[in-house]
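One-letter residues, chain by chain:
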Amino acid sequence: MSEPRVSEETFGLFLNQFRYDPAPLNAVVEETREEEFWIREKITFDAAYGDETMAAYLFLLKSGEPPYQTVVYFPGSGAIHSRSSEDLSPRRIDFVVKSGRALLWPVYKSTYERGDGLVSDYPDETNNWKEHVIMWGKDLKRSIDYLETREDIDADRLAFMGVSWGAAMGPIMMAIEPRLKAGVVVVAGLNF
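Residues numbered from 1 in each chain as written. Predicted model: local features only at pLDDT ≥ 70, side-chain atom pairs only at ≥ 80, totals over all residues. Heavy atoms only, no water.

**Student:** Would you take a moment to explain the sheet that holds strand 2 (residues 38–46) for this structure?
**Tutor:** The pairing of strands in a sheet comes from backbone hydrogen bonds and takes either a parallel or an antiparallel form. A sheet is described by the order of its strands in space; here seven strands give the open sequence 1-2-3-5-4-6-7, paired in mixed fashion. Edge positions in the sheet fall to strand 1 (28–34) and strand 7 (180–186), since each of these pairs with one other strand and no more. Across the sheet, the axes of successive neighbouring strands diverge by a mean angle of 25°, strand direction being ignored. Alignment of strand 1 against strand 2, held across six bridges, turns out to be antiparallel. When the sheet's bridge partners are listed, Thr32 is paired in strand 2 with Glu41. The sheet contacts of helix 5 (residues 165–176) involve strand 4 (68–74), strand 6 (153–163) and strand 7, and relative to strand 6 the element is tilted by about 135°. (Pairing = 2+ DSSP bridges. Helix = DSSP H or I, 4+ residues; strand = E, 2+ residues; numbered from the N terminus. Axes fitted to C-alpha atoms, helices over the stretch in contact; angles between N-to-C directions. Contact = heavy atoms within 4.5 Å.)

Here it is in structure tokens:
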């Protein structure tokens, strides 16, 4: 089954839902943790909606050379069911960091400590689901806004990586964010 194509005008209407007014990030590096191969920074900054603050974890290879190409990660649905990002580590995707790239792992709305009652990654046709997709897109975009403030990041060489649920969200996230230059989807199954 394939979705019908929409006109550029209709796509523009969809895209418009992900826009937000420019505002200060008020970013703070809350914690820096040195691990065996990388340094993990926990950064907090203002989300693009409400009065919310979001976090993101930046993993930088200890022996890496800035400015870093950076991969922005979107996790699997386990993130919806976990209530803490405290121990996030790129275990299964550590090859990204070990290759010399930076990895940014945003804490998207509904995941980890930002849980809000969403219990499934299965899409549906409710306004609740639509609003969540828009918030996830804004979280991705706001995370890239943060990356653009760092001198050690090559903001012209950004990629998206989604695993499982993140891979299912990948086509939307990549379509709304022109600053992404490449995309990788892993275990990108079909949703019911």
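Having seen the model, we can carry on.
**Student:** Is there a simple way to explain the pairing of strand 5 (residues 102–106) in this structure?
**Tutor:** Each regular strand displays side chains that alternate between the two surfaces of the sheet. Within strand 5, five of the five residues are buried, leaving the element largely enclosed by the surrounding structure. Side chains Ala102, Leu104 and Pro106 of strand 5 all project onto a buried face; the interleaved residues Leu103 and Trp105 project onto the opposite face, where all are buried too. Pairing geometry for strand 3 (residues 53–61) and strand 5, over four bridges, is antiparallel. Bridged to Tyr57 within strand 5 is Trp105. (Buried < 20%, exposed > 50% of the residue type's maximum accessible area, 1.4 Å probe, protein only.)

**Student:** Just checking my understanding: could you explain the environment of Trp136 for this structure?
**Tutor:** With respect to the helices, strands and loops of the structure, Trp136 is situated in helix 4 (residues 127–147). For Trp136, a relative accessible area of 0% gives the class buried. Placed 56 residues apart in sequence, Trp136 and Ile80 show a C-alpha to C-alpha distance of 12 Å. The residues touching Trp136, leaving out its near neighbours within four places in the chain, are Phe74, Tyr108, Lys109, Ser110, Leu118, Trp129, Trp165, Met169 and Met173. In this structure the side chain of Trp136 is engaged in a polar contact, spanning 2.7 Å, whose partner is the backbone oxygen of Lys109. (Polar contact = N/O pair within 3.5 Å; in protein donor to acceptor, adjacent residues only side chain to side chain.)

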